[in-house]
Amino acid sequence: FALPANVAATHSDQICMTPILLLLLETSALQPRSRLPAVRHAREPRSASTVRLCDREAAAPTEAAETATPPATAESNSLLGPREAALASVPLFFLLQSTTVGLARSGLPPDLAPPVGRAAAFGLFAAVQAASGTSVDTWLLRPAAEPEWRWLAAPWAPAAVFAAFAAAALAPALACQLFGQAEVAEALLPAGGPPPSAARCLDVLLLAPLTEEAFFRGWLLTASARAGAPRAASAAASAALFALWHAGDGAGGLLAFAALGGWLAVVYQAGGGRLAPCVGGHVLWNALILALRAAR
């Protein structure tokens, strides 16, 4: 399979670096199951009546003993275990997104290609997952559990998620501005640009938050939990892959995207698997970035 030239040129950094960051999931997945050492008990002397009873039981085995078979496990009935399925699906998502967006750019206007390609890629990814036995009910539409942070179940949770991250992310720039370091403050803020088009707003304020949160939080963290990865390692993998996905977008660099991805991963885990606070916080943050770029 050969990627189109425009796809390989635009997304080569993401496609080539994806296997490296997948080690975050690989090293934190389930450890090999240990075998319990066989314990040999000392043979105790048996009485004559005990010997006769054991001989009768051995001579007439029960029907259940004759038909007993080892119980089947989920791993024996599937070609890929939870860890292998997760590791295979991450590069699949990256490849589908890069390919569909690249193909869309070859036949659509530049501003319209990203949302169309993004929507098509996510639909294909969900279809592949469903065909392999992982329906959207298990990671996208599954009912949320009781949140560890009660406020994440409130209607105003998305605004609180955004406000907490915005305060932490913009604090260094504001501090530099107050202490007379205007040049440093300018470097910490997103670069200016023209007002975005309607198609750009559709992509940045709707499709990007929905599809990215559904994958990097909904699917990835659910798959990591099923594979037995610790919560901290799962959140770190989500943050790293989220930053890699935005490697060519600028707007604060990889560190800012890693911080945003890590914060939203913690929100998803502490919220019992609720996507609404993550999507809402992501939408509001993207809106702030667009506003800052247009204002500068």
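This structure is a prediction, so every number in the text was calculated from the model and none was measured.

Here the focus is the packing of aromatic side chains. In the structure shown here, the tally under the stated rule is 19 aromatic pairs. For the pair Phe-93 and Phe-215, a centre-to-centre distance of 3.7 Å together with 5° between the ring planes defines the contact as stacked. With Phe-93 in helix H5 (residues 82–105) and Phe-215 in helix H9 (residues 198–226), the pair connects residues that are 122 residues apart, well separated along the chain. Here the two residues Phe-93 and Phe-215 agree in accessibility, since each one is buried. Connected via pairs of aromatic rings, a cluster forms that spans Phe-93, Phe-94, Phe-122, Phe-125, Trp-139, Phe-215, Phe-216, Trp-219, Phe-242, Trp-245 and Phe-257.

By the definition in use, this model includes five salt bridges. Residue Arg-150 is joined to Glu-146 by a salt bridge in which the shortest nitrogen-to-oxygen separation is 2.2 Å. For the residue pair Arg-150 and Glu-146, the accessibility class agrees, reading exposed in each case. For Glu-213, the salt bridge identified is with Arg-217, shortest N-O distance 2.7 Å. Of this pair, Glu-213 and Arg-217 both sit in helix H9, four residues apart, which is roughly one turn of the helix.

So, on to empty space enclosed by the protein. Applying the stated criterion across every chain yields a total of two cavities of 30 Å³ or more. Quantified by volume, the second largest cavity comes out at close to 30 Å³. Listing elements by their share of the lining of the second largest cavity, those giving two or more residues are helix H7 (157–178), helix H11 (253–270) and helix H12 (276–295). Residue composition of the lining of the second largest cavity, grouped by class: seven nonpolar, two polar and no charged.

All right, on to the packing of helix H10 (residues 231–245) against H11 then. Relative orientation of the contacting elements H10 and H11 amounts to 140°, with a least axis distance of 7 Å. By the angle between their axes, H10 is oblique relative to H11. For the crossing formed where H10 meets H11, the hand is right-handed. Contact residues: Arg-231, Ser-234, Ala-235, Ser-238, Ala-239, Phe-242 and Ala-243 in H10; Leu-254, Phe-257, Ala-258, Leu-260, Gly-261, Gly-262, Ala-265, Gln-269 and Ala-270 in H11. A class-by-class count of the residues in the contact of H10 with H11 yields 10 nonpolar, five polar and one charged.

All right, on to the nonpolar core then. Core analysis: the largest hydrophobic core is formed by 39 residues, its most contacted members being Phe-94, Phe-215, Phe-216 and Trp-219. Mapped by element, the contributors of at least two residues to this core are H5, helix H6 (113–131), H7, H9, H10, H11 and H12. Ignoring sequence-local partners within four residues, the contact set of Trp-219 consists of Ala-85, Ala-86, Ser-89, Val-90, Phe-125, Gln-129, Trp-139 and Ala-214.

With 20 residues, H12 extends 28 Å from end C-alpha to end C-alpha; this agrees with the ideal 28 Å at 1.5 Å per step. All of the buried residues along H12 are Pro-277, Cys-278, Val-279, Gly-280, Gly-281, His-282, Trp-285, Asn-286, Ile-289 and Leu-290. Where H12 is buried, its residues touch H7, H9, H10 and H11.

Right, let's get into the environment of Cys-201. Along the chain, Cys-201 falls in helix H9. Its relative accessible area of 26% is what places Cys-201 among the partly exposed residues. The sequence separation of Cys-201 and Asn-286 amounts to 85 residues, and the corresponding C-alpha distance is 9.4 Å. Every residue in contact with Cys-201, bar those within four places of it in the chain, is listed here: Pro-196 and Leu-206.

Cut-offs and rules
What you see as residue numbers is a count from 1 along each chain, following the sequence as written. Reporting in this predicted model follows two pLDDT cut-offs: at least 70 for local features of residues, and 80 or more for side-chain atom pairs to be given and counted; totals over whole chains, interfaces and linings ignore these cut-offs and use all residues. Calculation of side-chain values draws on the structure's entire complement of heavy atoms; hydrogens and water are dropped beforehand. For this analysis, a ring pair means two rings from Phe, Tyr or Trp (six-membered ring only for Trp) whose centres lie within 6.5 Å, classed as stacked if their planes differ by under 30 degrees, edge-to-face if by over 60, and tilted for the remaining angles. We count a stretch as a helix when DSSP gives it H or I for four or more residues in a row; a strand needs E for two or more, and each element gets its number in order from the N terminus. For every residue, the accessible area obtained with a 1.4 Å probe (protein chains only) is divided by the maximum for its type, and the residue is called buried under 20%, exposed over 50%, and partly exposed between those limits. Each salt bridge in this description consists of a side-chain nitrogen of Lys or Arg and a carboxyl oxygen of Asp or Glu lying within 4 Å of one another. Here a cavity is any set of points on a 1 Å grid over the protein atoms alone where a 1.4 Å probe fits but cannot get out, and a pocket is any open set with protein on both sides within 12 Å along at least 5 of 7 lines; a residue lines the site when it has an atom within 4 Å of a point. Grid points are joined across faces, edges and corners, and a volume is the space filled by probe spheres set on the points. For this scheme, ten residues count as nonpolar: Ala, Val, Leu, Ile, Met, Phe, Trp, Tyr, Cys and Pro. Four count as charged, namely Asp, Glu, Lys and Arg, and the remainder, Gly too, count as polar. Throughout, an axis means a line fitted to C-alpha atoms (over the contacting stretch in the case of helices), and angles, computed between N-to-C directions, take values from 0 to 180 degrees. Note on terminology: angles under 35 degrees are roughly parallel, angles over 145 are roughly antiparallel, angles of 65 to 115 are roughly perpendicular, and the others are oblique. Note on convention: the crossing is left-handed when the near helix lies turned anticlockwise from the far helix by less than a right angle, right-handed when the turn is clockwise. Two residues form a contact once any of their heavy atoms are found within 4.5 Å. To qualify as a nonpolar core, a set must consist of buried Ala, Val, Leu, Ile, Met, Phe, Trp, Tyr and Cys residues joined through side-chain atoms within 4.5 Å. Each helix should span, by expectation, one fewer than its residue count multiplied by 1.5 Å.

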